[in-house]
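# Notes for the structure review
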Amino acid sequence: MNQRYILFQRAGVFYCEDRQTGKQCSLRTRDKAEGITLLHARNETVRQPACWETTQPDHFNQMSRAGKKTADGLMFWRLKK
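Residues numbered from 1 in each chain as written. Predicted model: local features only at pLDDT ≥ 70, side-chain atom pairs only at ≥ 80, totals over all residues. Heavy atoms only, no water.

## Re the nonpolar core
Just so we agree on the cut-off: Buried Ala, Val, Leu, Ile, Met, Phe, Trp, Tyr and Cys residues that are joined via side-chain atoms within 4.5 Å together make up what is termed a nonpolar core. Only protein chains enter the accessibility calculation, which uses a 1.4 Å probe; a residue whose area is less than 20% of its type maximum is buried, one above 50% is exposed, and one in between is partly exposed. The contact criterion used throughout is that any non-hydrogen atoms of two residues lie within 4.5 Å.
Core analysis: the largest hydrophobic core is formed by 5 residues, namely Tyr 5, Cys 16, Leu 27, Leu 38 and Leu 39. What Cys 16 contacts, discounting residues up to four positions off in sequence, is Tyr 5, Ile 6, Phe 8, Lys 23, Gln 24, Cys 25, Leu 27, Leu 39 and Arg 42.

The following block contains the structure:
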């Protein structure tokens, strides 16, 4: 299965690119391991969005940095109520 997001580095900072839309965004890290972790979190949210939003609170910070943040950043807490 092809991954929707790919990782690349520009000027020492890691970025991801959405292969469907071509949109690129910074992962705001210079650490390769952290960039890979954020990329995997982003690809996993595409593969199983409902599962990750409701059952994986440990990974919520990574998901929000990977693009799953709402306007006020409280998606997880609203789902738990």
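Text resumes after the structure shown.
## Observations concerning unusual backbone geometry
Rule in force here: Here a helix means four or more residues in a row that DSSP labels H or I, a strand means two or more in a row labelled E, and each is numbered from the N terminus.
The backbone of Ala 11 shows a phi angle near 55°, a positive value even though the residue is not glycine. With respect to the secondary-structure elements, Ala 11 resides in the loop between strand 1 (5–10) and strand 2 (13–18). With relative accessibility at 72%, the residue Ala 11 sits in the exposed group. In this structure, Arg 28 takes a positive phi of about 55° despite not being glycine. Within the fold, Arg 28 resides in the loop between strand 3 (24–26) and helix 1 (32–47).

## Concerning the side chain of Thr 45
Rules: N or O atoms closer than or at 3.5 Å make up a polar contact, with two conditions inside protein: a donor-capable atom paired with an acceptor-capable one, and, for residues adjacent in sequence, both atoms drawn from side chains.
Examined against the element boundaries, Thr 45 turns out to sit in helix 1. Looking at Thr 45, its side chain comes within polar contact range of the main-chain oxygen of Arg 42, at 2.7 Å.

## As for the sheet that holds strand 1
Going by this rule: What makes two strands pair is DSSP finding at least two bridges between them. Between N-to-C directions, angles span 0 to 180 degrees; the directions come from axes that are lines fitted to C-alpha atoms, helices contributing only their stretch in contact.
Spatial ordering of the open sheet is given by 1-2-3, a layout of 3 strands whose pairing is antiparallel. Looking along the sheet, the strands with just one partner apiece sit at the ends: strand 1 and strand 3. When the angles between neighbouring strand axes are averaged without regard to direction, this sheet yields 30°. Relative to strand 2, strand 1 runs antiparallel, the two sharing 6 bridges. If you follow Ile 6 over to strand 2, its bridge partner there is Glu 17. Lying on the sheet, helix 1 is in contact with strand 1, strand 2 and strand 3; it crosses strand 1 at an angle near 155°.

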